[in-house]
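Residue strings, one per chain:
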Amino acid sequence: MAVVNEAVEKTLTVTVNGREVKAAPGQTVLEVARSIGVEIPTLCHDDRLEPYGACRLCLVEVEGARGPVPACATKVGDGMTVQTNTDKIRRLRKFVIELLLSNHPLDCPVCEAAGDCRLQDYAYEYEVNMSPWGWHPLQFESRDDHPNIARNPNRCILCGRCVRICRDVMGIGCWGFTNRGYDTIIDTPYNLPLEEVGCVSCGQCISTCPVGALSMKRSRYAARHWQTDKTTTICPYCGVGCEVVVHTHRDALVRTTATVGRGVNNGNLCVKGRFGFDFQNSPDRLTAPLVRDENGDLVPTTWDVALDRVEQNFKRIKAESGGSAFAVLASAKCTNEENYVLQKFTRAVLGTNNMDHCARL
Amino acid sequence: MTNSIKDLHEAQVIFVVGSNTTEAHPVLALEVIKALRGGATLIVADPRRIDLARKAHLHLPLRPGTNVALLKGMMRHVVDMGWQDDDFIAERTENYEAFCESLESMTVEQASDICGVPADDIRRAAELYATADRANILYAMGITQHHTGTNNVLSVANLAMLTGQIGGPGKGVNPLRGQSNVQGACDMGGLPDVFSGYQKVDNPDAIAKMEAAWGVTLADREKGMTVMEMMHAVDTGKIRSMYIMGENPVLSDPDQHHVEDTLGKVEFLVVQDIFLTETAEFADVVLPAASSFEKDGTFTNTERRIQRVRKALEPRGESMPDWRIVQSIANRMGAGWDYRSAEDIMREVAAVTPQYGGVTFSRLENVIPDVEYAQTDVCGLQWPCPTDDHPGTPILHSQQFSRGRGLFSAIEYIEPAELVSPEYPLILTTGRELVHYHTGTMTRQAAGLNALVPEARVEISQQDAARLGIEHGAPVRVTSLRGSIEPVAWVTDRVSPGLVFMAFHYAEAPANRLTGAESLDPIAKIPELKVTAVKVEALS
Amino acid sequence: MTSTTAIRRPTELHARLVLPDVEIGICLGTGGVAAGGEEVFAAFEAGLAGTGIFAVVKPREDTCQGSCASITGTGCRGMCAMDVLVDVLTRKEGVESKVTYGTVTEKMVAKIIEEHIIGGEPVHKWIVLSDDEPTSHNEFYQHQDRLVLRNCGRIDPEVIDDYLEAGGYRGLYKVLTQMTPEQVHQEVLASGLRGRGGAGFPTGLKWKFAAEAPSATGEKFFICNGDEGDPGAFMDRSVLEGDPHSVFEGMAIGGYAIGADHGYVYVRAEYPLAIKRLKIALKQAEDRGLLGANIMGSDFSFHLKIKEGAGAFVCGEETALMQSIEGKRGMPRLRPPFPAVSGLWASPTNINNVETLACVPWIMTEGAEAFAGRGFEKSKGTKVFALTGKVKRSGLAEVPMGLTLRDVIYSIGGGIKDDKEFRAVQMGGPSGGCLPASLLDTRVDYEELNQTGAIVGSGGMVVLDADNCIVDTARFFLKFTQAESCGKCVPCRVGTVRMLEILTRICEGKGVAEDIGLLETLADDIKAGSLCALGGTAPNPVLTSLKYFREEFEEHIHDKKCRAGACAALTTYWIVAEACTGCRACSRACPVDAITGEKKEVHVIDSEACIRCGACYEKCRFDAVRRQ
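For clarity, every value in this text was computed on a predicted model and none was experimentally measured.

Cut-offs used in this document
Residues numbered from 1 in each chain as written. Chains lettered and ligands numbered in written order. Predicted model: local features only at pLDDT ≥ 70, side-chain atom pairs only at ≥ 80, totals over all residues. Heavy atoms only, no water. Axes fitted to C-alpha atoms, helices over the stretch in contact; angles between N-to-C directions. Helix = DSSP H or I, 4+ residues; strand = E, 2+ residues; numbered from the N terminus. Parallel < 35°, antiparallel > 145°, perpendicular 65-115°, else oblique. Left-handed = near helix turned anticlockwise from the far one by under 90°. Contact = heavy atoms within 4.5 Å. Nonpolar A, V, L, I, M, F, W, Y, C, P; charged D, E, K, R; others polar. Expected span 1.5 Å × (residues − 1). Buried < 20%, exposed > 50% of the residue type's maximum accessible area, 1.4 Å probe, protein only. Polar contact = N/O pair within 3.5 Å; in protein donor to acceptor, adjacent residues only side chain to side chain. Domains from an automatic or database assignment. Salt bridge = Lys/Arg side-chain N within 4 Å of Asp/Glu carboxyl O. Buried area = accessible area lost by both parts, 1.4 Å probe. Pairing = 2+ DSSP bridges. Phe/Tyr/Trp six-rings, centres within 6.5 Å; stacked < 30°, edge-to-face > 60°. Lys NZ or Arg CZ within 6 Å of the ring centre and 35° of its normal. Patch = residues over 30% accessible without salt bridge, like charges linked within 9 Å, V, L, I, M, F, W, Y side chains within 5 Å. Areas by Shrake-Rupley, 256 points an atom, 1.4 Å probe, with all protein chains shown as cover. Lys, Arg positive; Asp, Glu negative; His and termini not counted. Charge placed at Lys NZ, Arg CZ, Asp CG, Glu CD. Right-handed = clockwise from strand over helix to strand, strands pointing away.

Undergrad: I'm lost on the packing of helix α9 (residues 336-350) of chain A against helix α17 (residues 342-352) of chain B in this one. Help?
TA: Working note: a packed helix pair is described by the angle between its axes plus the distance between those axes. In the contact formed by α9 of chain A and α17 of chain B, the axes pass within 9 Å of each other and the chain directions differ by 65 degrees. In this view, α9 of chain A runs roughly perpendicular relative to α17 of chain B, as classed from their interaxial angle. Taken as a pair, α9 of chain A and α17 of chain B cross one another with a handedness that is left-handed. Of α17 of chain B, the residues touching α9 of chain A (which contributes N336, E337, Y340, V341 and K344 of chain A) are A342, I345, M346, E348, V349 and V352 of chain B. Split into classes, the residues belonging to the contact of α9 of chain A with α17 of chain B amount to seven nonpolar, one polar and three charged.

Undergrad: Help me out: how do you make sense of helix α19 (residues 515-529) of chain C in this one?
TA: The periodicity of an α-helix, 3.6 residues per turn, causes residues three or four positions apart to be oriented the same way. For α19 of chain C, with 15 residues, the first-to-last C-alpha span of 20 Å sits near the 21 Å given by 1.5 Å per residue. Residues of α19 of chain C that are buried include every one of D515, I516, L518, L519, L522, A523, D525, I526 and G529 of chain C, and no others. Residues of α19 of chain C that are buried make contact with β3 (59-62) and α3 (87-102) of chain A together with α18 (490-507), α20 (533-537), α21 (540-548) and α22 (550-559) of chain C.

Undergrad: Is there a simple way to explain the side chain of Q165 of chain B in this structure?
TA: Residue and element names in this part refer to chain B. By the element assignment, Q165 lies in the loop between α10 (149-163) and β6 (172-175). What makes Q165 buried here is its relative accessible area of 1%. A polar contact is formed between the side chain of Q165 and the backbone oxygen of Y129, at a distance of 2.9 Å.

Undergrad: Got a minute to help me understand the domain arrangement of chain A in this structure?
TA: Where interface size is quoted, it is often the accessible area lost as the parts come together. Domain annotation for chain A reports domain 1 (12-85), domain 2 (103-218), domain 3 (222-285) and domain 4 (290-357). Inter-centroid distance (C-alpha atoms) of domain 2 of chain A to domain 4 of chain A is 52 Å.

Undergrad: What exactly am I supposed to notice about the pattern of salt bridges here?
TA: Charged atoms that come close allow side chains of opposite charge to pair. Tallying each qualifying case throughout the model produces 89 salt bridges over all chains. Measuring nitrogen to oxygen at the nearest pair gives 3.5 Å for the salt bridge that ties E229 of chain B to K525 of chain B. With a gap of 296 residues between them, E229 of chain B in helix α13 (residues 227-235) and K525 of chain B in the loop between β19 (499-503) and β20 (532-538) connect regions that are remote in the sequence. Residue class for E229 of chain B comes out partly exposed when judged on its relative accessible area of 28%. Measuring nitrogen to oxygen at the nearest pair gives 2.9 Å for the salt bridge that ties E326 of chain C to K328 of chain C.

Undergrad: Explain unusual backbone geometry here, please?
TA: At the junction of W383 of chain B and P384 of chain B, the peptide bond is cis and its omega measures out at 0 degrees in the coordinates. With respect to the helices, strands and loops of the structure, P384 of chain B is situated in the loop between β12 (381-382) and β13 (406-407). With an omega of 0 degrees, the peptide bond between P336 of chain C and P337 of chain C qualifies as cis. With respect to the helices and strands, P337 of chain C occurs in the loop between α12 (318-325) and β10 (349-353). Even without being a glycine, R56 of chain A presents a positive backbone phi close to 70 degrees.

Undergrad: What should I look at first to understand the interface of chain C and chain A in this one?
TA: Each partner contributes to the interface: chain C provides 30 residues, whereas chain A provides 29 residues. Summed over both sides, the interface of chain C with chain A buries roughly 2,400 Å², with 62% coming from carbon and sulfur. For the pair chain C and chain A, the number of links is two salt bridges. Summed over the shared surface of chain C and chain A, the number is 14 residue pairs in polar contact (both at pLDDT 80 or more). Breaking the side of chain C that touches chain A down by element, the ones donating at least two residues are α17 (470-484), α18 and α19 of chain C. Partitioning the side of chain C that touches chain A into residue classes produces 16 nonpolar, seven polar and seven charged.

Undergrad: Help me understand the pairing of strand β13 (residues 382-389) of chain C in this model?
TA: The two faces of the sheet receive side chains in turn, since in a regular strand these alternate between them. Residues and elements named next belong to chain C. When you tally the buried positions in β13, you get seven out of eight residues, the bulk of the element. As paired strands, β13 and strand β14 (residues 395-400) are joined by six bridges and run antiparallel to one another. The partner of F385 across the bridge, within β14, is A397. The loop that links β13 with its antiparallel partner β14 comprises five residues.

Undergrad: Looking at this model, I keep getting lost on the packing of aromatic side chains. Mind explaining?
TA: Pairs of aromatic rings are described using the distance from one ring centre to the other and the angle between the two planes. Residue and element names in this part refer to chain B. Enumeration according to the criterion identifies 31 aromatic pairs over all chains in this entry. In this structure, R92 packs its charged tip against the face of F401, placed 4.8 Å from the ring centre. Over the ring of W383 we find R304, and its NZ or CZ is 6.0 Å from the ring centre.

Undergrad: Sorry, what's going on with the side chain of N354 of chain A here?
TA: Within the secondary structure, N354 of chain A sits in the loop between α9 and β16 (355-356). The class of N354 of chain A is buried, set by a relative accessible area of 5%. Looking at N354 of chain A, its side chain comes within polar contact range of the main-chain oxygen of S324 of chain A, at 3.4 Å. Residues within four places of N354 of chain A in sequence aside, it is in contact with S324, F326, A327, V328 and T346 of chain A together with G224, M225, M230 and I239 of chain B.

Undergrad: Explain a negative patch on the surface to me, please; I cannot follow it from the model alone.
TA: Residues and elements named next belong to chain A. Residues E39, D116, D121 and E125 make up a contiguous surface patch of negative charge. Assignment of secondary structure puts E39 in the loop between α2 (29-35) and β3. In this structure E39 comes out as exposed when scored by relative accessible area, which is 59%.

Undergrad: I would appreciate a short explanation of the sheet that holds strand β16 (residues 476-480) of chain B in the present structure.
TA: For sheets, the rule is that strands pair by backbone hydrogen bonds, running either parallel or antiparallel. Residue and element names in this part refer to chain B. An order of β17-β16-β20-β14-β19-β15-β18 is seen for the seven strands of this open sheet, with the pairing classed as mixed. Only two strands of the sheet have a single neighbouring strand rather than two, namely β17 (483-485) and β18 (488-491). Averaged over all pairs of adjacent strands, the angle between strand axes in this sheet comes to 35 degrees, irrespective of strand direction. Of the strand pairs in this sheet, β16 and β17 are connected by three bridges, and their pairing is antiparallel. In the sheet register, T479 faces β17, and the bridge partner there is S484.

Undergrad: Would you take a moment to explain the interface of chain B and chain A for this structure?
TA: Chain B puts 155 residues into the contact, and the matching count from chain A is 116 residues. Roughly 11,500 Å² of surface becomes buried between chain B and chain A when both sides are summed, with 63% attributable to carbon and sulfur atoms. Three residues, F293, R316 and R332 of chain B, lead the burial of chain B against chain A; their summed loss comes to 7% of the area buried on that side. Inspection of the region where chain B meets chain A yields eleven salt bridges. With a closest N to O distance of 3.0 Å, E311 of chain A and R332 of chain B form a salt bridge. If you tally residues by element for the side of chain B that touches chain A, the top one is helix α16 (residues 322-332) of chain B, at eight residues. Taken together, the residues of the side of chain B that touches chain A break down into 87 nonpolar, 33 polar and 35 charged.

Undergrad: Got a minute to help me understand a positive patch on the surface in this structure?
TA: All names here are of chain C. Together, R584, R588, K599 and K600 give the surface a local cluster of positive charge. Topologically, K599 is positioned in the loop between β19 (595-596) and β20 (604-605). Judged by its relative accessible area of 56%, K599 is exposed.

Undergrad: What should I look at first to understand the pairing of strand β15 (residues 326-329) of chain A in this one?
TA: Along β15 of chain A, one buried face is formed by F326 and V328 of chain A and the opposite face, lined by A327 and L329 of chain A, is buried too. Tracing the backbone out of β15 of chain A, into α9 of chain A and back to the parallel element β16 of chain A gives a crossover that is right-handed.

Undergrad: Before we go on, may I ask you to explain the sheet that holds strand β16 (residues 433-435) of chain C in this structure?
TA: All names here are of chain C. Judged by pairing direction, the sheet is mixed, and its five strands sit side by side in the order β14-β13-β17-β15-β16 without closing on themselves. For this open sheet the edge positions go to β14 and β16, each flanked by a neighbour on one side alone. Neighbour-to-neighbour, the strand axes of the sheet open up by a mean angle of 30 degrees, direction not taken into account. Contacting β15 (422-427) and β16, α21 runs over the sheet at an angle of about 25 degrees to β16.

Below is the structure:
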């Protein structure tokens, strides 16, 4: 609570596009602008990462400053006056996008990121038809041998987010900048396979890539971003309770993502949460009840037959030996509601407290 | 957890004991990494050089099963140096004198001899932890899965109370729950001794409350059996029928041969799951359940946060959400239930469960105005949340402990139940790996995960491997008193000589064929999965 | 001010020396070594061996008996065009006489020993400078005021006693015994010293900020930026090679002023000689207690490390430099926070350039007024320029601020080589600009130069004559910055490439009318949008060229003509039949056999085969080869 009180005591007043806004010390221009719904474009910024200031899209004008300043990294001061959308600023932003498109492959029709691509969005918003300096698509080659992470260096805009998320958030550092200037690409140390440089396959680099340079290999060509339905739920694996967004198309799970700024995981996921859901679409899923036939084989049947069998046997054994002849295991993978009704069933219907689950395992 | 996930990085010192956090709780581990970046000090007590041990300022590679000795050594040094928090002890705890006497039985040097950690490192760890303004402990199964698991947990609690490192931001004791809803399954009464909300099944008031709410007379008014006891009771014929919902004891429980034998003996076995698991193979009736993507409901995570699970797809084929199946069976047995939705059930849970009293589905949609989460929108309520207007409880025990005063326990060190012998000269410790999960039912189906780790591996030191003529990646046989399995050898410096490690995810080489079910913790009935004597042989 | 009782004066720290009869000083700066200085040195050693003169190579360790000559390898003395330079100082009956020989080779050594050292009569034809008689080169030093370079070329940089004898470490002694840290940065502020690395920020103010910044880590750092990278600039190298202790002393004084007890000298790896001498000097200073723990017995400690760069120009940018020291990829980061607040290892850090630091001991011993008494308006003291290109005397020249470009180029530099026409002077390297003849009376002064669009910068001064194409020169400098861009921010990484493409196209005769406009908007946006000064100043050479030499761009684009004949694609060579004697010099020089013709007959250039290298043009003695 101390944090809050301190912030209240030291509230700053900032003017953004003519509107007075209250802000806390330490907040950036970007944060304050967003708090009142003023969007400032960014490519190299991710709320999970420290400000970097490389893409130059978030430049804004601050009264009294020598030139445009990056909103992502500029801390607000009391009485600061900010303009986020002047002609000069829009021209500079358009310039940056033009430069980026001047060497971008423009293979959007087959790019995984299409529809979920910042560069695409901003090129549209800033009405960049084509670069005035011609089109010189990059011609890099890179390894692409990881089972889950697809790489395309020619779509890379060198925002460094993958480098920083792996180093700063994951504490690993698989990615780095290789070469200099225009020849810079993102690569692993010595161009080794990702698996050999400590990669834990979390796909965090994919999650932060604002374009299609890094994408999920196994869901390629499955469904476009706009074709999928998105449902926010909780990851069924460990007990951390990460919020995941499940993308589904027709009756299949296509991919999972997480939303920055949401949930206990704040957009982060691990290898299982990002690449571990093939079971959902597995042909081996049980789709009908099974009962053991006279040969001792488990055979598909109807719910009525199966439940009849359960009812008869439960009733018989309860009548013969009472509730204490039953043991029931609940599940650490089922919902609260399901575990509640199962223990209620055990105690109130079967009549026993022989109820446990694998909490200790 | 006494504290929230986002609270972990508030600590100046983080003491991780018996938790391979980056692999078992990868996203939670990011808070530890964040704390490190912010200048926090990390102490890791783990027999293996796990990833966090490599990042730690101090790694205490204790011998498996010697947690009590290590913790007592640390506490002895704290008391010797006068670093205990006298105000906290006086105001918030009791039984301190008896506890102090119990420390007399072990010097730091004696502790060092037992656990194998240099005495100076024990002292250094004690100093770092005790003298920090804010220190958090993280622990997991490395503390609990011992026949002295309860003692281990109590020792951790002793350390936190002794130093006053509990009940505030960045100060707490945080057991990490290993499964998506293991916290909720406990909260909901999926245990032999409690109804939902830890209301004792042998407490007459609780019985009366439940009988009134459920409209029944409860037949059983005593504690029931734990899973280990159930298995023995099947052997004796006491248990005739089992109903297993979404569990796979054939792989998850110790001594697999015994579990298989037992399940074979169950007269009528019903298994409800999304796959035909190794356990379902033994069933008389298998009921197809919907996956967690195909139903609504709630999970409660390791920080006690109740969060909404939402349906994204229709159930496959004829499968149904588990609660619907349970209701169908209950009604066939005359229960007369009429739950139309998971939300209906939560209304009843809230009515009978004090900690969940203020939980409704609509409240779970709201973003919690929580200082700690200022940067992210987090939904879901952290219990205790007794009433509709209660905001939930991010930090437990900030004013007082659940029982009032914190009780110090006098604990003596007991050695592991299974010790190495000439025939079984290596200690096997089990746990999880990053890429797969629990019994592999879900993860072994994922091509992207199998491509990364396709097979069961046993981690073995270079020294042992060389001595035994074992090559990296070559198949080996691992044998204990109870059986043999054949994983591939993973020669690594993560384990020290004398120690081998395996995960229990792999049906083809199930680690739990080796582990024992004989030695249970007397209170928690938890098996000693972390210490098994084995031998390892090269397969030519 | 530290307690003074135990502090030992630097003069107590070296032995008094016996003065030899002859002192021979041989330039072993990089220029001297490249011209054969080490061979000349060896030749003097060998040559003296048979003469009965006791030759002392390391005079500090030996004592002289009888007739004695010392041979000293010194640093650069600036007149690099004349290397190897050899000073010979003779002492006869208390009278000293010194001459400097130029372009000495080992073959000339025997004659110098025989006639001058033994015979007592200098070899007049080889003298370039003399105490006794004026020479044509006297002007090189006449206008100079050697303050930064006070010891360069005079002392042996590998012998600390030389530095001590020249008054070294007395500034530090004064600071430690008589001044508080506040007084030190006040003194530097009063001197008017500004950063010599390019930006010209007041040094005293910078120190004040770092001194006043609280340190969360409990540490502060003092860094010397020796990552001199501008093409044509080598003053820092000369100081590091010729007088390393002056930089250390400046750093220790600065460390005391800001409260840092650790420092780094960051030197580019391409300066191996500087690195070698810095390491030797560091060891000697530590051994004498002049650096390290408890300097001169005081309670001030200052530990230095030498850190080699790895070949990135951008590491001269202070934030990139700090990243590099931290072991990270050298990429600039955003400021604020400025290094004075959070720099190396997140601690308050001060960074100064080599030349700046070399001024500091001088200011401390001679006083701020003496420094501020030199210079012009807001630019005080002296500045070292690296004068290169088409001048008669290239080399290093240290002049008081406020001298005009004309003074430097025509007086010190001796005017344009071969008396050709002055075209432009490129000031300040890749961040600077090209100035025309009409601006030759501009003063070397931060403010005055900035107004022209060029900068003082690190002091690179490249003189161009009529044979240099302005467009091509702009392209050269942009190509340099483009290649050295770290790749972090989009405007610099991509924008400079797009500019370079346009410039290349113009030089190749493929320019179109819109290109000048495209260049200007690109340049403006890159300047406004770039993250650091490398990108922010990269367009300067192009912008100043467009400002002062726009017609040359237009000629290239519209007339497909390069007036300097430097842009190969726009140049044609032909032979004027009337002038050709058929001497075959041109055809022999042609690397692609594009010139045909029998001996003593008129030759012809096959313009299809010609690669326009200009070799024939240079060779022809009869002005028969022409180009357009």
